[in-house]
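Analysis of the macromolecular model
Spelled out, the chains give:
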Amino acid sequence: MDAADDLFTREDPIFANKELLEISHLPGEGRIVGRDDEIADLATAVNPAIFGQSPSNVLIYGKTGTGKSLCAKYVSKRLVSTASEEGVTATFAYVDCAQDTTETQAVQTIAEGVNDPEETGINVPDKGLSTSTYYKRLWRILDQRYDVVLILLDEIDKLDDDAILMQLSRAGEAGKITDCKLGVVGISNKIQYKDRMDERVKSSLCEREFVFPPYDANQLREIMQARADAFHDDVLEPSTIPRAAALAAREHGDARKAIDILRYAGEIAQANGEPTVREEFVTQARERAETDRFRELIRGSTPHSRYVLQALALLSLSNGRQDGFRTSRVYEIYENICRQEGSDSLSLRRVRDLLKEHAFLDIIEQSKHSGGSAEGSYTKHQLLEDPSVVKEVLTEDDAEA
Ligand SMILES: Nc1ncnc2c1ncn2[C@@H]1O[C@H](COP(=O)(O)OP(=O)(O)OP(=O)(O)O)[C@@H](O)[C@H]1O
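Residues numbered from 1 in each chain as written. Predicted model: local features only at pLDDT ≥ 70, side-chain atom pairs only at ≥ 80, totals over all residues. Heavy atoms only, no water.

**Considering the pattern of salt bridges**
All told, the structure shown has 20 salt bridges when counted by the stated rule. Taking the shortest distance from any N to any O, the salt bridge between R263 and D260 comes out at 3.2 Å. Pair noted here: R263 and D260 are both in helix α12 (residues 255-271), with a separation of three residues, about one helical turn. The pair formed by R263 and D260 is uniform in burial state, with each residue classed as buried. With a shortest N-O distance of 2.8 Å, D323 and K380 are connected by a salt bridge. Here D323, found in the loop between α14 (303-319) and β6 (325-326), pairs with K380, found in strand β8 (residues 377-383); they are 57 residues apart in sequence, far enough to count as distant. Among the residues examined, D323 registers a relative accessible area of 42% and is labelled partly exposed. When salt bridges that share partners are traced, they join E251, K257, R286 and E290 into one network. (Salt bridge = Lys/Arg side-chain N within 4 Å of Asp/Glu carboxyl O. Helix = DSSP H or I, 4+ residues; strand = E, 2+ residues; numbered from the N terminus. Buried < 20%, exposed > 50% of the residue type's maximum accessible area, 1.4 Å probe, protein only.)

**Things to note about the domain arrangement of the chain**
Parsing the chain into structural domains produces domain 1 (36-212), domain 2 (215-297) and domain 3 (307-400). Here the C-alpha centroids of domain 1 and domain 3 sit 38 Å apart. At the junction of the two partners, domain 1 supplies four residues and domain 3 supplies four residues. A combined buried area of about 380 Å² lies between domain 1 and domain 3, and 62% of that area is made up of carbon and sulfur atoms. Considering only the surface of domain 1 that becomes buried against domain 3, K190, Q192 and R196 emerge as the three largest contributors, covering 75% of it. Class assignment of the residues belonging to the side of domain 1 that touches domain 3 gives a composition of no nonpolar, two polar and two charged. (Domains from an automatic or database assignment. Contact = heavy atoms within 4.5 Å. Buried area = accessible area lost by both parts, 1.4 Å probe. Nonpolar A, V, L, I, M, F, W, Y, C, P; charged D, E, K, R; others polar.)

**A word on a positive patch on the surface**
Taken together, the side chains of R349, R352, K356 and K368 present a region of like positive charge at the surface. With three residues, helix α16 (residues 348-360) is the single largest residue contributor to the positive patch. Its place among the elements puts R349 in helix α16. (Patch = residues over 30% accessible without salt bridge, like charges linked within 9 Å, V, L, I, M, F, W, Y side chains within 5 Å. Areas by Shrake-Rupley, 256 points an atom, 1.4 Å probe, with all protein chains shown as cover. Lys, Arg positive; Asp, Glu negative; His and termini not counted. Charge placed at Lys NZ, Arg CZ, Asp CG, Glu CD.)

Below, the structure is given as structure tokens:
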């Protein structure tokens, strides 16, 4: 026997097809679980596009991992193929607004996405043009190539401002495009997003609104079961998926996190040299998924914004969950942390703003209380994340810094 045969394992003993557990993996035709009503509602809203008429503008809300992007893309693809059968030239452009936060980046992405330079003779460079030039090129491309276009703005709340929404929602009536009809599908996991919108944008952009509910345990089980081929036969113990589904449904109903938990459980089995993925690995996997998600949430946040969270985590860990902590108490602990870090503390007012930002990102929850005539009203802040996860991630980051 060749020595190399002993040295390397030639086949992964756990995973047969790990790509199935990547979040970017899109379920095939007919394999979107539990979203028939939402898909039908979306299809109705954009249906006029099939006949070359204006689709309704739509806003989709729902917590993270509830299938919003998946269903919006699915309906858009179906729309394009059905329109084509009717002799209508349609397409859709997808913008991840967390990446393209500025108006210029977003309009560039749309223009590039719908363009074919060979056909139009129009060039859309990655950068270097003014915002208004990108728009002019976009309008020309749209009129030249399409009868109808859907624009999907995912994580729409991450846009710096409403400028692009104003342009897109009024392009037709402002005469920027004459032959092409435009529909906007905004996607957000912030239900309060609409409150921040300019009134004029709101009235044209929010013609139809849909809310995607979290998945229940049965749906999550089906979503995970559909990817069980990621594992070799007999590797996945029968109770593992039901356990992961029950846990994920109880906590958040997030399909993305449920799939992460399953992948991590497999990796834990792999790392421990176990032949099967057992139910008990799910608990460990869940902790890892939580930590990852929180790390992602706070990526790019400033040191002071982290100190504020650290203060809340310390308060929750030493006092139990309670119903939250008052701003003054959080501020006290925050000042201690700043002292330890050798950093000047920000004003109470600024810390209040940071707390509001965390509430907007669903990292914490704020509640208003009335302390009677003597105290007036005050706000309490409560971590929505597991305080030990918050502390762990924030301290590991300190170590890296
Ligand atoms: N109903 C479903 N059936 C099968 N897989 C699903 C379903 N819903 C979600 N998924 C899986 O979870 C992933 C995340 O879903 P999706 O991106 O649509 O969530 P989202 O609601 O847009 O979340 P976010 O707001 O975080 O972007 C999808 O790429 C897909 O792999």
